[in-house]
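# Structural description and commentary
Chain by chain, the residues run as shown.
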Amino acid sequence: MKGKNRKRILAAALAVCVAAPLTGGCAGKKKINDGTFRPVGQSEVQFPLKEKTVLTGLISYPANTESEPNKRTIFKRLQEQTNVEIDWTAIQADQWADKISLNMSDPNKLTDFIFTAGFTESNLLKYAEYGAIIPLEEYIDAYMPNLKSVFDKYPEYRAMSTDVNGHIWSLPWIEQLGSGKEAIQTVNNMSFINKKWLDFLGLEIPKTVEEFENVLIAFRDHASEIQSEFGIEGSIIPMSCIVNDQDPGILINGFGEGYGDADKDRHIAVTDDKKVICSAVQEGYKEGIQWLHKLYSEKLIDAEAFTQEWSTYVSKGKSGRYGVCFSWDVGNIDNLTDWAPLPVLEADTKNLTPQNGSFTSGYDRGRCVVTSVAEKPALICSWLDQMYAPMQSPQNNWGTYGEDDDFDIFELGKNGQGEDMLKHAPLGDASPVEVREAEAVGGPLAVLDEYYDVYVTCPDDAKYRLDWIKEFYTPDMHTKYVYPNIFMSRSDTETLSNLQADIQKTINAKKADWIMNGFTDKDWDKYLDDLKAYGLDQYLELFQTYLDSYNANLEAEQS
């Protein structure tokens, strides 16, 4: 941090203190780190430390799991290995969004680091300008050999983590499972069809939207027979989903131009001539929503699809009531045996637009930050670097071994060279989400493709999901480009965030309303006018500017 920037951030931090709703402001409270690099001798960050040191951290945890982080096996082992004890402040995940902003606005509530921050680009740059977090690039190079090794092997991750002024404000989460159009993240919520019901009714897996509609009708019209045959309690639901969450958008990719609406947050796609478009204003999107309304009007879509919570959605699925459902993994909803992935449906065309950012695998820029109250940033970064160790990252991501309960995610075994390797234990009938939430701790980490069968086995549910993508989806991914992970400037990030708030709200609200109630051409025209009034042109122009710059830099590097 140099000259004016350092003074500006320190002044901003003091301004935050003045604004904090505390008697006496920051006087006598926590000191503010102005972001200046604080080097220490390597002996001070050599683990295990000679004397136990206590650091403070903030972390989220899933509801209905262990609320005390230090009772989790992963953190118990880390304390033994490092002689660093973390005094955690733990917030339940469903309360995180409301509470984290309050904590970030008050220096006296800040911990040394925030382990599961999940901050957006706008959050990171705002908190950086306020002086609530410190830049990490020098600490990464000096005290984080595990993360530096990842950055050296894959420089795109360092680039994606660096802002336009050359600063790294956060530590990323990286999960490689496949690459390019075969990466596990190319498809978010897949569509699954009940193969048991199809076989019972003598039906084939549909390939077109017309065939799909006929299958749903057969599920509806033979509901009593299906109930009787399989002993199902509760009404038969031909198709269930959670609109704008466990969403049916994958079904409409074949309408019109074939863009669909894969990006449910930003609603953008990239054309084959590298132009950024809003996917939710295309004629194909309009036709697709009209078709979904037709399905709803024929009582083929769950009436609760617009309001149900995840727990309700899963509960009905576990009761065997669905003919078609949507999720990252059908094992979260019912079971693997009775279900098959639904291939890309053909309407006007046959195409599946991959998820934006997916070609560089799973990546979360804002996973962990070090705050300006940290008195020992080098030690904190050294401890956080342990999360990037090849044997540690898989455990933080998925779970561990040697737990006191009845289930372990891993068994500690040996690889082909006779070295320790984490071997995934069979999941059985357990939900992958639930068992991992009980053991994993999340936070900053990196699981790379070259780790598999060396440090860790590939999880079974990842293997079959990768196989599904390769067999059912990659062949129909005709779109050349996705929007990459780009770190924009503070002002542009804030502008986009403000524009997105109204644009996303309008698109998602109309989508739900129109699937349920239908719409006219007049409604559509007003929708387009409203989005234009909310700044859609400016929104797309900003995305285009950064994409053009990204592509120009990429071409320069390759030339």
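### Some details on the overall build of the chain
The number of helices and strands found in the chain is 19 helices and 14 strands. Compactness check: the chain gives a C-alpha radius of gyration of 25 Å against a globular reference of 24 Å for 559 residues, within 12% of the reference. With respect to the three principal axes, the spread of C-alpha positions in the chain is 70 × 55 × 55 Å. Counting only residues that meet the buried cut, the chain has 55% of its 559 residues in that class. In the chain, the proportion of contacts linking residues at least 24 apart, taken out of those at least 6 apart, comes to 79%.

### Some words on the sheet that holds strand S11 (residues 362-370)
With mixed pairing, the six strands of this open sheet are ordered in space as S2-S1-S3-S11-S4-S14. In the strand order of this sheet, the two ends are held by strand S2 (84-92) and strand S14 (445-447), each with one partner. Across four bridges, the pairing between strand S4 (residues 171-175) and S11 is antiparallel. Bridge assignment links Leu 171 to a residue of S11, and that residue is Cys 368. Sheet strands touched by helix H3 (residues 96-104): strand S1 (53-61), S2 and strand S3 (113-114). Its angle to S1, the strand with the most contacts, is close to 145 degrees.

### Some remarks on the packing of helix H9 (residues 209-221) against helix H11 (residues 283-297)
For any two helices packed against each other, the geometry comes down to the angle between their axes and how far apart the axes lie. Two numbers describe how H9 lies on H11: the axes approach to 11 Å, and their chain directions differ by 15 degrees. Classified by the interaxial angle, the pair formed by H9 and H11 is roughly parallel. As H9 runs across H11, the sense of the crossing is right-handed. In contact with Val 209, Phe 212, Glu 213 and Leu 216 of H9, H11 contributes Trp 291, Lys 294 and Leu 295.

### Describing the layout of surface pockets
Of the voids in this model, the second largest pocket is the one considered here, and its volume is about 840 Å³. Taken together, 30 residues make up the lining of the second largest pocket; nearest its centre are Pro 484, Asn 485, Ile 486, Tyr 550 and Asn 551. Among the elements of the structure, helix H7 (155-161) and helix H19 (536-558) are those that each provide at least two residues to the lining of the second largest pocket. For the lining of the second largest pocket, the leading source of residues is H19, giving 11 residues. When grouped by side-chain class, the residues that make up the lining of the second largest pocket number 15 nonpolar, nine polar and six charged.

### Re the side chain of Ser 361
When you line up the elements, Ser 361 lands in the loop between strand S10 (339-341) and S11. With residues near it in sequence (within four places) discarded, Ser 361 still touches Tyr 157, Ile 174, Glu 175, Gln 176 and Gln 185.

### Overview of the pattern of salt bridges
A full pass over the atoms with the stated rule returns 23 salt bridges. In this structure, the salt-bridge partner of Lys 196 is Asp 338, at a minimum N-O distance of 3.3 Å. Highlighted residues: Lys 196 in helix H8 (residues 195-201) and Asp 338 in the loop between strand S9 (322-327) and S10, separated in sequence by 142 residues. The partly exposed category is assigned to Lys 196, whose relative accessible area is 30%. Note that Asp 302 and Lys 316 form a salt bridge whose closest N and O atoms lie 2.6 Å from each other.

### Focus on unusual backbone geometry
Residue Pro 48 follows Phe 47 across a cis peptide bond; omega there is 0 degrees. Looking at where Pro 48 falls in the secondary structure, it is placed in the loop between helix H1 (3-19) and S1. In this structure, Asn 83 takes a positive phi of about 60 degrees despite not being glycine. Relative to the helices and strands, Asn 83 resides in the loop between helix H2 (73-82) and S2.

### Looking at the pairing of S9
With six of six residues buried, S9 is to be regarded as a mostly interior element. Judged from the two bridges that link them, strand S6 (residues 237-239) and S9 form a sheet pairing that is parallel. Within the sheet, the bridge partner assigned to Met 239 lies in S9 and is Val 324.

### Notes on helix H16 (residues 460-473)
Taking 1.5 Å per residue as the helical rise, H16 with its 14 residues ought to reach 20 Å, and the 19 Å between its terminal C-alpha atoms agrees with that figure. Looking at H16, one finds that the buried residues are Asp 461, Ala 462, Tyr 464, Arg 465, Leu 466, Trp 468, Ile 469, Phe 472 and Tyr 473.

### A look at the confidence of the model for the chain
Residues at a pLDDT of 70 or more form 94% of the chain, whose mean pLDDT is 92. In the predicted structure, residues 1-28 sits below a pLDDT of 50 and forms 39 contacts with residues beyond four places in sequence or in another chain.

### Observations regarding the sheet that holds strand S5 (residues 190-194)
Strand order across the open sheet formed by four strands is S6-S9-S5-S10, with mixed pairing between neighbours. Looking at strand neighbours, the two that pair on one side only are S6 and S10, the edges of this open sheet. Sheet twist, expressed as the mean angle between neighbouring strand axes with direction ignored, is 35 degrees. Taken together, the four bridges between S5 and S9 define a ladder with antiparallel strand orientation. Bridging from a neighbouring strand, Ile 193 pairs with Val 324 of S9. Packing of H9 onto the sheet brings it into contact with S5, S6 and S9, and relative to S6 it is tilted by some 170 degrees. Strand contacts of helix H12 (residues 310-318): S6 and S9, with the helix running at about 140 degrees to S9, the strand carrying the most contacts.

### Some details on empty space enclosed by the protein
Scanning the entire structure with this criterion turns up five cavities of 30 Å³ or more. In terms of residue class, the lining of the largest cavity is built from four nonpolar, seven polar and three charged.

### Description of helix H17 (residues 490-517)
Between its first and last C-alpha atoms H17 spans 40 Å; for 28 residues at 1.5 Å apiece the expected length is 40 Å, and the two agree. Approximately 30 degrees is the largest bend angle found in H17, and it occurs at Gln 500. Downstream of H17 by one or two residues, Gly 518 has phi in the positive range, about 80 degrees.

Here is what the cut-offs are and how they apply
- Residues numbered from 1 in each chain as written.
- Predicted model: local features only at pLDDT ≥ 70, side-chain atom pairs only at ≥ 80, totals over all residues.
- Heavy atoms only, no water.
- Helix = DSSP H or I, 4+ residues; strand = E, 2+ residues; numbered from the N terminus.
- Rg over C-alpha atoms; globule rule 2.2 N^0.38 Å.
- Buried < 20%, exposed > 50% of the residue type's maximum accessible area, 1.4 Å probe, protein only.
- Contact = heavy atoms within 4.5 Å.
- Pairing = 2+ DSSP bridges.
- Axes fitted to C-alpha atoms, helices over the stretch in contact; angles between N-to-C directions.
- Parallel < 35°, antiparallel > 145°, perpendicular 65-115°, else oblique.
- Left-handed = near helix turned anticlockwise from the far one by under 90°.
- 1 Å grid on protein atoms, 1.4 Å probe; cavity = no way out; pocket = protein on both sides within 12 Å on 5 of 7 lines; lining within 4 Å.
- Points joined across faces, edges and corners; volume = space filled by probe spheres on them.
- Nonpolar A, V, L, I, M, F, W, Y, C, P; charged D, E, K, R; others polar.
- Salt bridge = Lys/Arg side-chain N within 4 Å of Asp/Glu carboxyl O.
- Expected span 1.5 Å × (residues − 1).
- pLDDT = per-residue confidence, 0-100.
- Bend = angle between axes of the 7 residues up to and from the residue.

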